[in-house]
Amino acid sequence: MLKTDIKDELTYIEKVKKINEGKNLKYHILTMGCQLNENDSEKICGMVEQMGYTKTDDVMDADLVIYNTCCVRENAEERLFGKLGEVKKLKEAKGTIIAIGGCMMQEKHIVDKIKKSYSYDVIFGTHTLKNFPKDLYDAILERKKITDILDIDGEIIEGLPIKRNDNIRASVTIMNGCNNFCTYCIVPYVRGRERSRAPEDILNEVRKLAQEGYKEITLLGQNVNSYMRVEREKFKQSIKDESDNVEKSSSAGQRNSINEIDSFAKLLRAVNEIPGIEKIRFISPHPKDFTDDVIEAIRDCSKVSKFIHLPLQSGSTEVLKVMNRVYTKEQYLELVEKMKKKISNVKFSTDIIVGFPGETEEDFEDTLDVVRKVKFEQIFMFIYSRRVGTPADKMENQIPEEIKHKRFDRLKSLYEEILKENNHEYIGKVEQILIEGYSKTNKELLTGRTDTNKVVVLEGDGSLIGKVIPVKIVSEHMWYLKGESNIK
């Protein structure tokens, strides 16, 4: 939990603000990728708006364009390069500043290509977010290209300004990095090793959000249920290595402090006690780290969602082994059954990769078998794409694209059958729904979500926004449910 003092970096916010005074400058930001990237973008927006920029959805109207990149899938690269091509003329016409950050900037071959073929002003990595105000200041004042990337794991950064996209739901990062090294995944190489935020910093952030009127919190991390694992192991080793009584006495207080909230289960229980918060979600956990204390915390905590994201990736034990997932098909199904026994009305979502190198027809049938048995409420399906720098990219038995797409279509068809069955079970039931706002497609309807993350639309007054109300589900429409409430 090594934290960095960012006082010096934040002084550059004021310096850029002074340069921008009276200029009515606008910024445009495009976020690619996961919720962690979205959370990083909220911090970027917080800094940029304090520097005197106002947000615009029209990139052609922007004086500062920011791309916060993702590198999980191959088409993310194509999308970025396409966007950089589009803003080239904008830069030539009005001198728009182009800043590129995020996970993709931790990949050397991508940065090299940008430097060779595209216009840019600032490139910053996942570990140098705090430096963005200084990088922007240098780019403006010295009119030179800035590349600010660290290959090390980085430190926990607290105190960055943040501009949230929602005033009811908020994401709170509890840890960064990953130690799992799944063979298909680039994340450990671009986000670094696991580093957990201090419990008091997390709880203070959630308390502040509750005071500001936020009702739903999502705890974020690459592997949330290993929260504080690395810190616990380091602390145990430090105790073991102590050589005199003075050091032992000094460590006793630290031991008591770290033992107060030294696991994800204890963190869930602590967040559950914060007044004002109505719903707690978390993403993403790893099946191998779903210990009994985490399951019991989900069961016991009234605010914690009973809708669990449990990434499968493949239903084949052989493929899981090659993926380095450290569990078998049987162990995964046993975990699901254990949760069903311990947690009332628990439901599941999952991630599945189709066409991983070496996946046979039998392996794919194992995946379909797990889908049929678990009856997932949501499935995030991905066709395997090669990522430079991962072990899977070097595997010789790559699956032809035609086979991958056919298997993807079969999985999608099965999921849609199960989705219809699952949706019918909601009809006639009363769900407690947090009303999030007006429907994006019909401003006369309100929208919210069930505990299982299903979108619900209903008629109602705008005064209900931000409240949790009982809603009777009256019909299902594949991708959303329709509800009714007597509350006006």
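Each residue is numbered by its place in its chain's sequence as written, counting from 1. With pLDDT at 70 or above as the cut-off, local features in this predicted model cover only qualifying residues; side-chain atom pairs require 80 or more to be listed or tallied, and sums for whole chains, interfaces and linings still use all residues. Think of the side-chain values as coming from all heavy atoms in the structure, minus any hydrogens and water.

Another point: the overall build of the protein chain. Comment: elements are numbered from the N terminus, with helices defined as DSSP H or I runs of at least four residues and strands as E runs of at least two. In terms of helices and strands, the protein chain carries 15 helices and 21 strands. Here the globule rule reads 2.2 Å times residues to the power 0.38, and the radius of gyration is calculated from C-alpha atoms. For a compact globule of 488 residues, the expected C-alpha radius of gyration is about 23 Å, and the protein chain comes in at 24 Å, within 12% of that figure. Principal axes of the C-alpha set define a box for the protein chain whose edges measure 70 × 60 × 55 Å. Note on exposure labels: buried denotes an accessible area under 20% of the residue type's maximum, exposed denotes more than 50%, and partly exposed covers the range between, all computed with a 1.4 Å probe on protein chains only. A buried classification covers 55% of the 488 residues belonging to the protein chain.

In this analysis an axis means a line fitted to C-alpha atoms, helices contributing only their contacting stretch, and an angle means the value between N-to-C directions, from 0 to 180 degrees. At their nearest, the axes of helix α10 (residues 264–272) and helix α11 (residues 292–300) sit 8 Å apart, and the two run at 15° to each other. Viewed along their axes, α10 and α11 adopt a mutual orientation that is roughly parallel. The chirality of how α10 crosses α11 is left-handed. Contact with α10, carried on its side by Phe264, Ala265, Leu268 and Arg269, involves Asp293, Val294, Glu296, Ala297, Ile298 and Asp300 of α11 and no other residues of that element. Ten residue types, Ala, Val, Leu, Ile, Met, Phe, Trp, Tyr, Cys and Pro, are classed as nonpolar, four, Asp, Glu, Lys and Arg, as charged, and the remainder, Gly among them, as polar. Split by residue class, the contact of α10 with α11 holds six nonpolar, no polar and four charged. Convention used here: angles under 35 degrees read as roughly parallel, angles over 145 as roughly antiparallel, angles from 65 to 115 as roughly perpendicular, and any remaining angle as oblique. By the definition used in this description, the sense in which the near helix is turned from the far one sets the handedness, with an anticlockwise turn below a right angle giving left-handed and a clockwise turn giving right-handed. Here a residue-residue contact requires only that any non-hydrogen atoms of the pair lie within 4.5 Å.

Here the focus is the layout of surface pockets. In this analysis, the protein atoms alone were mapped onto a 1 Å grid. Cavities are point sets where a 1.4 Å probe fits without being able to get out; pockets are open sets with protein on both sides within 12 Å along at least five of seven lines; lining residues have an atom within 4 Å of a point. Grid points are joined across faces, edges and corners, and a volume is the space filled by probe spheres set on the points. Considering only enclosed or pocket space, the second largest pocket measures out at about 650 Å³ in volume. Considering the residues around the second largest pocket, the lining is formed by 30 residues, among which Lys43, Ile157, Glu158, Leu160 and Glu205 are closest to the centre. Within the residue set of the lining of the second largest pocket, elements represented by two or more residues are α2 (35–50), β8 (156–157) and α7 (199–211). Per-element tally for the lining of the second largest pocket: the top contributor is α7, with five residues.

Centres within 6.5 Å make a pair out of two Phe, Tyr or Trp rings, where for Trp the six-membered ring is used; the pair is then stacked when the planes are under 30 degrees apart, edge-to-face when over 60, and tilted otherwise. Evaluated as defined, the whole model comprises nine aromatic pairs. Between the aromatic rings of Phe124 and Phe132, the centroid separation amounts to 4.9 Å while the plane-to-plane angle is 50°, which identifies the pairing as tilted. Looking at Phe132, the relative accessible area reads 0%, which means it is buried. When the ring of Tyr415 is compared with that of Trp479, the centres are 6.4 Å apart and the planes differ by 45°; the resulting orientation is tilted. In this pair, Tyr415 sits in helix α15 (residues 401–424) while Trp479 sits in the loop between β20 (468–476) and β21 (481–484), placing the two residues 64 residues apart along the sequence. Here Trp479 falls in the exposed class, since its relative accessible area comes to 54%. Put simply, the rings of Tyr184, Phe356 and Tyr384 pair up and form one aromatic cluster. The ring of Tyr137 carries the charged tip of Lys15 above its face, separated from the ring centre by 5.7 Å. Over the ring of Tyr120 we find Lys145, and its NZ or CZ is 4.7 Å from the ring centre. In this scheme, Lys NZ or Arg CZ marks a charge over a ring once it lies within 6 Å of the ring centre and within 35 degrees of the ring normal.

Here we have three strands laid out as an open sheet, ordered β9-β12-β13, and parallel in their pairing. For this open sheet the edge positions go to β9 (169–173) and β13 (279–283), each flanked by a neighbour on one side alone. Strand after strand, the sheet turns through a mean of 25° between neighbouring axes, direction not considered. Two strands pair when backbone bridges link them, and strand β12 (residues 216–220) and β13 are joined in this way by five bridges, in the parallel orientation. Looking at the pairing, Leu220 lines up with Ile283 of β13. Helix-sheet contacts for α7 involve β9 and β12, and the interaxial angle to β9 is about 170°. Pairing between two strands requires that DSSP report at least two bridges joining them.

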